[in-house]
Amino acid sequence: MELLERFAAGDLDAFEVLFRQHQKQVYAWIVRIVRDSGIAEDLTVETFWRIYRSRARFDPAGNFGAWAYRIATNAALDHLRKSRRETELPEDLAANPQPDPAVRRETRQRIHQAFSQLPAKYRLVATLALIEDEPYEKIADAAGIPASLVKVRVFRAVRMLRKQLTSMGMEIGARR
Amino acid sequence: MNQHNDKELRELLKQAIAPATNTELTRDLWPQMLKRLDQQQPFQVPWFDWALAALLSAALLLFPNVIPALLYHL
């Protein structure tokens, strides 16, 4: 019996093989969304728990990796929904620990604040598309929505951000 | 004008929130996964409890007159 068939039949050894094959990719995807390594680890385990729980619904002829990405995205989205009012955007994974001198500290804080107030589904696509530069198609596959909807959500997220920043007294278009 | 502003906002966003680069998983999460799987096992009643419940039911069926006494003492 093939690995995926054994997994779908509930074989724990097959699940372990799949877990070890995919945990790094799943973690890397989640950490881009939630931007906190500890939370990303917990959500990776949560993702695989959901995968294991729904193994009977998995088609062994299907793409396990794509399925895992989708479940990981949903787990991350659930986390964003829960944590929206509790946390600011963590920065422990930022590529550049030194802020761009062109952007003042106050501006950065306002952008962070406005960004963390975006509704979860907009924050998800905005993080992946605008910050992580992931292609719309990949985001669409992972989120289980059409690429056109990803584009719309990114557009709306930018508009919401602009509105929020304007209400904070920050004029976009005026120089920093 | 709005398009220009949106473009500027996108650039500002990229400068303010840098992409994540440290996305490497530093440890194996399988032990955590196993713990999670163990925690989520359905609750199982030990065989001894089932045996005790069966014995008590049989006793109550055989000697129903003890039920009021039992209820009095409970």
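This one's a predicted model, so the numbers in the text were calculated from it and none came from an experiment. (Residues numbered from 1 in each chain as written. Chains lettered and ligands numbered in written order. Predicted model: local features only at pLDDT ≥ 70, side-chain atom pairs only at ≥ 80, totals over all residues.)

What follows covers the overall build of chain B. Along chain B, the regular secondary structure elements total four helices and zero strands. The order of α-helices and β-strands along chain B, N terminus first, is α-α-α-α. Within chain B, the fraction of its 74 residues that count as buried is 11%. (Helix = DSSP H or I, 4+ residues; strand = E, 2+ residues; numbered from the N terminus. Buried ≥ 20, exposed ≤ 12 C-beta atoms within 10 Å, placed from the backbone.)

Turning next to the overall build of chain A. The number of helices and strands found in chain A is eight helices and zero strands. Written out in order from the N terminus, the α and β elements of chain A read α-α-α-α-α-α-α-α. Per-residue burial for chain A yields a buried fraction of 34% across its 176 residues. Within chain A, contacts between residues at least 6 apart in sequence are counted, and of these 66% link residues at least 24 apart. (Contact = placed C-beta atoms within 7 Å.)

Moving on, we get to the nonpolar core. Ile30, Ala72, Ala76, Val125 and Leu161 of chain A together with Leu13 of chain B are the most contacted members of the largest nonpolar core, which has 52 residues in total. Tallying contributions element by element places helix α2 (residues 12-34) of chain A first for this core, with 10 residues. Excluding residues that lie within four positions of it along the chain, Ala76 of chain A makes contacts with Ile30, Ile33, Val34, Leu43 and Leu124 of chain A. (Core = buried A, V, L, I, M, F, W, Y, C linked by C-beta atoms within 7 Å.)

The next point concerns unusual backbone geometry. Residue and element names in this part refer to chain A. Phi at Arg35 is positive, roughly 60°, even though this residue is not glycine. Structurally, the position occupied by Arg35 is in the loop between α2 and α3 (37-53). Arg35 gets classed as buried once you count the C-beta atoms within 10 Å, which come to 22. Phi angles above zero are rare outside glycine, and Asp133 is one such case at about 55°.

This next bit is on the interface of chain B and chain A. Interfaces are often described in size by the accessible area the parts lose on coming together. Across the contact, 25 residues belong to chain B and 38 residues belong to chain A. Within the residue set of the side of chain B that touches chain A, elements represented by two or more residues are α1 (2-16) and α2 (30-39) of chain B. A per-element tally of the side of chain B that touches chain A places α1 of chain B first, with 10 residues. Of the residues in the side of chain B that touches chain A, the class split is 13 nonpolar, seven polar and five charged. (Nonpolar A, V, L, I, M, F, W, Y, C, P; charged D, E, K, R; others polar.)

This paragraph deals with the packing of α2 of chain A against α3 of chain A. Residues and elements named next belong to chain A. Their axes nearest at 8 Å, the elements α2 and α3 cross at an angle of 135°. Between α2 and α3, the angle falls in the class oblique. Classified by chirality, the crossing of α3 by α2 is right-handed. Residue-level contacts link Phe15, Phe19, Gln23, Val26, Tyr27, Ile30, Val31 and Val34 of α2 to Ser37, Ile39, Ala40, Glu41, Leu43, Thr44, Thr47, Phe48 and Tyr52 of α3. Its residues placed into classes, the contact of α2 with α3 shows 12 nonpolar, four polar and one charged. (Axes fitted to C-alpha atoms, helices over the stretch in contact; angles between N-to-C directions. Parallel < 35°, antiparallel > 145°, perpendicular 65-115°, else oblique. Left-handed = near helix turned anticlockwise from the far one by under 90°.)

On to the environment of Arg108 of chain A, then. Relative to the assigned elements, Arg108 of chain A resides in helix α5 (residues 105-116). Along the primary structure Arg108 of chain A and Ala28 of chain A are separated by 80 residues, whereas in three dimensions their C-alpha atoms are 25 Å apart.

Quick look at α2 of chain A now. Residues and elements named next belong to chain A. Under the 1.5 Å per step criterion, the end-to-end length of α2 is only 29 Å for 23 residues, more than 12% shorter than the ideal 33 Å. Along α2, the sharpest kink reaches roughly 50°, centred on His22. Just beyond α2, the residue with positive phi is Arg35, at close to 60°. (Expected span 1.5 Å × (residues − 1). Bend = angle between axes of the 7 residues up to and from the residue.)

Another aspect to go through is the confidence of the model for chain B. Detailed reading of the predicted model is not advised wherever pLDDT is low. Residues and elements named next belong to chain B. Per-chain confidence: chain B averages 85 in pLDDT, with 88% of residues scoring 70 or above. Mean pLDDT across the elements of chain B bottoms out in α1 (77) and peaks in α2 (94). Per the prediction output, this complex has pTM 0.77; the corresponding ipTM is 0.79. (pLDDT = per-residue confidence, 0-100.)

Moving on, we get to helix α3 (residues 47-62) of chain B. The terminal C-alpha atoms of α3 of chain B lie 23 Å apart, and with 16 residues this matches the ideal 22 Å at 1.5 Å per residue to within 8%. Burial runs low along α3 of chain B: only zero of the 16 residues are buried.

What follows covers the environment of Leu18 of chain A. Residues and elements named next belong to chain A. One can find Leu18 in helix α2. In the structure, Leu18 is positioned 11 residues away from Phe7 in sequence and 8.3 Å away in space, judged by C-alpha atoms. Contact partners of Leu18, with chain neighbours within four places excluded, come to Leu3, Phe7 and Phe64.

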